Amino acid sequence: MPAGDDDRRGTVRAAFGGLTTRGRSFVAAGAAASVCAYLLGQPDLLRVGALLVALPVVSVLVLYLTRSRVTAARRLSPARVPAGGESRVHLRVDNAFRLPSGQLMLQDRVPYVLGPRPRFVLDRIEPGGQREVSYRVRSDQRGRYPLGPLELRLADPFGMVELHRSFDAYDVMTVLPHIETLAPVRLGGEAGGQGESGQRSLAVTGEEDVIPRDYRHGDDLRRVHWRSTAHRGQLMVRREEQPPRSRCTVLLDTRRSGYAGTGPQAPFERAVSGAASVITHLAGRGYQVRLITDRGLSLPGPGHGADSAETTGLMLDALAVLDHSALPGPLDLVTDTHRVTPPDSGLDGALTALAGADCGLLIAFLGAPDLAALDQLARLRQRAADGIAFVAAGQLDPGVEAGTLGRLRESGWSALPLHPGVPLAQVWQQAGGERAASYRGR
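In short, a report on the structure. (Residues numbered from 1 in each chain as written. Predicted model: local features only at pLDDT ≥ 70, side-chain atom pairs only at ≥ 80, totals over all residues. Heavy atoms only, no water.)

**Let's talk about the nonpolar core**
- Among the nonpolar cores identified, the biggest contains 39 residues, and Val250, Leu319, Ile363, Phe365, Phe390 and Trp428 are the most heavily contacted of them.
- The element contributing the most residues to this core is helix α6 (residues 267-284), with nine residues.
- Dropping the residues within four chain positions of it, tryptophan 428 is found in contact with Leu182, Ala183, Val185, Leu187, Val278, His281, Leu282, Ile363 and Phe390. (Core = buried A, V, L, I, M, F, W, Y, C linked by side-chain atoms within 4.5 Å. Buried < 20%, exposed > 50% of the residue type's maximum accessible area, 1.4 Å probe, protein only. Helix = DSSP H or I, 4+ residues; strand = E, 2+ residues; numbered from the N terminus. Contact = heavy atoms within 4.5 Å.)

**Examining the packing of helix α9 (residues 371-382) against helix α10 (residues 398-410)**
- Interhelical geometry of α9 versus α10 gives an angle of 25 degrees and a closest axis separation of 9 Å. Between α9 and α10, the angle is such that the two are roughly parallel. Crossing of α9 against α10: the hand is right-handed. Residues Leu371, Leu374, Asp375 and Leu377 of α9 pack against Thr404, Arg407 and Leu408 of α10. (Axes fitted to C-alpha atoms, helices over the stretch in contact; angles between N-to-C directions. Parallel < 35°, antiparallel > 145°, perpendicular 65-115°, else oblique. Left-handed = near helix turned anticlockwise from the far one by under 90°.)

**Observations concerning empty space enclosed by the protein**
- Enumeration according to the criterion identifies two cavities of 30 Å³ or more in this entry.
- If you add up the space inside the largest cavity, you get close to 40 Å³.
- The wall of the largest cavity is formed by 10 residues, among which Ala368, Pro369, Val391, Glu401 and Thr404 lie closest to the centre.
- Where the lining of the largest cavity is concerned, the elements lending two or more residues are β17 (386-392) and α10.
- No other element matches the three residues that α10 contributes to the lining of the largest cavity.
- Its residues assigned to classes, the lining of the largest cavity comprises seven nonpolar, two polar and one charged. (1 Å grid on protein atoms, 1.4 Å probe; cavity = no way out; pocket = protein on both sides within 12 Å on 5 of 7 lines; lining within 4 Å. Points joined across faces, edges and corners; volume = space filled by probe spheres on them. Nonpolar A, V, L, I, M, F, W, Y, C, P; charged D, E, K, R; others polar.)

**A few points about unusual backbone geometry**
- Put simply, glycine 148 and proline 149 share a cis peptide bond, and its omega is 0 degrees.
- Along the chain, proline 149 turns up in the loop between β7 (143-147) and β8 (150-155).
- With an omega of -5 degrees, the peptide bond between leucine 299 and proline 300 qualifies as cis.
- Within the secondary structure, proline 300 sits in the loop between β15 (298-299) and α7 (308-321).

**Some points on helix α2 (residues 21-40)**
- In this model α2 runs 28 Å from its N-terminal to its C-terminal C-alpha over 20 residues, within 8% of the 28 Å that 1.5 Å per residue would give.
- Buried-residue contacts for α2 involve α3 (43-67).
- Immediately downstream of α2, the backbone of glycine 41 shows phi near 70 degrees, a positive value. (Expected span 1.5 Å × (residues − 1).)

**Quick notes on the pattern of salt bridges**
- One pass over the structure, following the stated rule, counts 14 salt bridges.
- Aspartate 44 serves as the salt-bridge partner of arginine 47, at 2.5 Å between the closest nitrogen and oxygen. Residue arginine 47 and its partner aspartate 44 are located together in helix α3, separated by three residues, close to a single helical turn.
- Residue classification places arginine 47 among the exposed positions, given a relative accessible area of 56%.
- For aspartate 317, the salt bridge identified is with arginine 80, shortest N-O distance 2.9 Å. Taken together, the residues aspartate 317 in helix α7 and arginine 80 in strand β2 (residues 80-82) connect sequence positions 237 residues apart.
- Residue aspartate 317 is classed as partly exposed on the basis of its relative accessible area of 22%. (Salt bridge = Lys/Arg side-chain N within 4 Å of Asp/Glu carboxyl O.)

**Considering the sheet that holds strand β18 (residues 414-418)**
- Across the sheet, six strands lie side by side as β15-β14-β13-β16-β17-β18; this open sheet has mixed pairing. The sheet terminates laterally at β15 and β18, the two strands that pair on one side only.
- Examined bridge by bridge, strand β16 (residues 361-366) and β17 share six bridges and lie parallel to one another. For leucine 366, the partnering residue across the bridge sits in β17 and is valine 391.
- Strands in contact with α10 are β16, β17 and β18; relative to β18, the strand with the most contacts, it is inclined by about 155 degrees. (Pairing = 2+ DSSP bridges.)

**Regarding the pairing of β7**
- Because side chains alternate across β7, one face comprises the buried residues Gly143, Tyr145 and Leu147, and the other comprises Arg144 and Pro146, none of which is buried.
- When β7 meets strand β10 (residues 171-176), the two strands line up antiparallel, connected through five bridges. By the bridge assignment, arginine 144 is partnered in β10 with threonine 174.

**A closer look at the packing of aromatic side chains**
- Applying the stated criterion to the full structure yields four aromatic pairs.
- For the ring pair phenylalanine 120 and tyrosine 135, a centre distance of 6.2 Å and an interplane angle of 35 degrees mean the geometry is tilted. Separated by 15 residues along the polypeptide, phenylalanine 120 in strand β5 (residues 119-122) and tyrosine 135 in strand β6 (residues 130-138) bring together distant segments of the chain. Summarising the burial analysis for this pair, phenylalanine 120 and tyrosine 135 share the class buried.
- Ring geometry for tyrosine 259 and phenylalanine 268: centres 5.2 Å apart, planes at 70 degrees, overall edge-to-face. Neither tyrosine 259 nor phenylalanine 268 differs from the other in exposure class; each is buried.
- Through a chain of ring-to-ring contacts, three or more aromatic side chains come together here, namely Phe365, Phe390 and Trp428. (Phe/Tyr/Trp six-rings, centres within 6.5 Å; stacked < 30°, edge-to-face > 60°.)

Listed below in structure tokens is the structure:
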């Protein structure tokens, strides 16, 4: 017998294993009635026994055929939400069989952080009909969570049999870091782009650089550059070029030894949320933003396009699943200059990512840096037009943390502590006030 027939027979045999207690009782009663009818010679009793056996058997066969013709689909709206936001999951069940289905029970698998597993009971679906249900999911923890597979339980109208079906398809819900709304402040490093100074320069020169190029089919004739056309002897048009954009690099320190605690309000989670907030804010103001980490992650990559919304989404998706660097050691600030610090406990990856690059304004979210990290941060500051560092506070002795901020300021950083419970928007405005005061003092 072909292998397909063996599989089909095994599946049908497994379907009979879905008989409920009522269905098994009918089969047992029908078999007993048939045996008694044969022994007693009662043909009417034999008919009753055959009916009792046939009813659950027919229910199994009909439900088995219906199960393969009942399909389900899932849709997330939206698929990407910030931490604490809600997403609605829409489930649709279609009956493509020529007979109505029995009662259906849907159960979707969701991670425990998104809430309990949703369950729905649906009445019979007519041939070619469909039913739609929905439920909400939310999470305060960033991450990427799978939804599914969807489990379906079918029951016949007589309660004789229950069959289960599990679909293979699943969807992914991305919970982005919490994003705070930041006020527009002048932070420096804007001389060449579309920041405050960049907008002023465009008001003088105009947004259109008169750089002629060859005429192409479909070009607007109003853009013909007649002087270049007369000089070249062929039709030339003015070429629009994008004005220069301010650059900003957001550095995120992910060293495990730099942060203490876990949970949505842990210092590391606040640093990730701060980086996401700054990226979203500056990208909305027209900056060309890049994200780097201490391990060398750099987004967007060199071959990626310059679309602001696309690159911002790419960086936020990376922040949604970003974890600590796999560095051993407890949280500690090295204060002994004779103590040897492991070479991989600093920001070597960030130095490599910024090698030879124009990072413009450099905004760093740091844990508790050790001596090696402080030296590397000083070298990073030299590669930027301006630098602002938000340092996780409240983890070490206040005197030690004050000394760390002092060393960062000595190397050119505008260093501010990020205390637990203090909104980033407040510290952000403080940074803007300090930068404005430094400009007036120059």
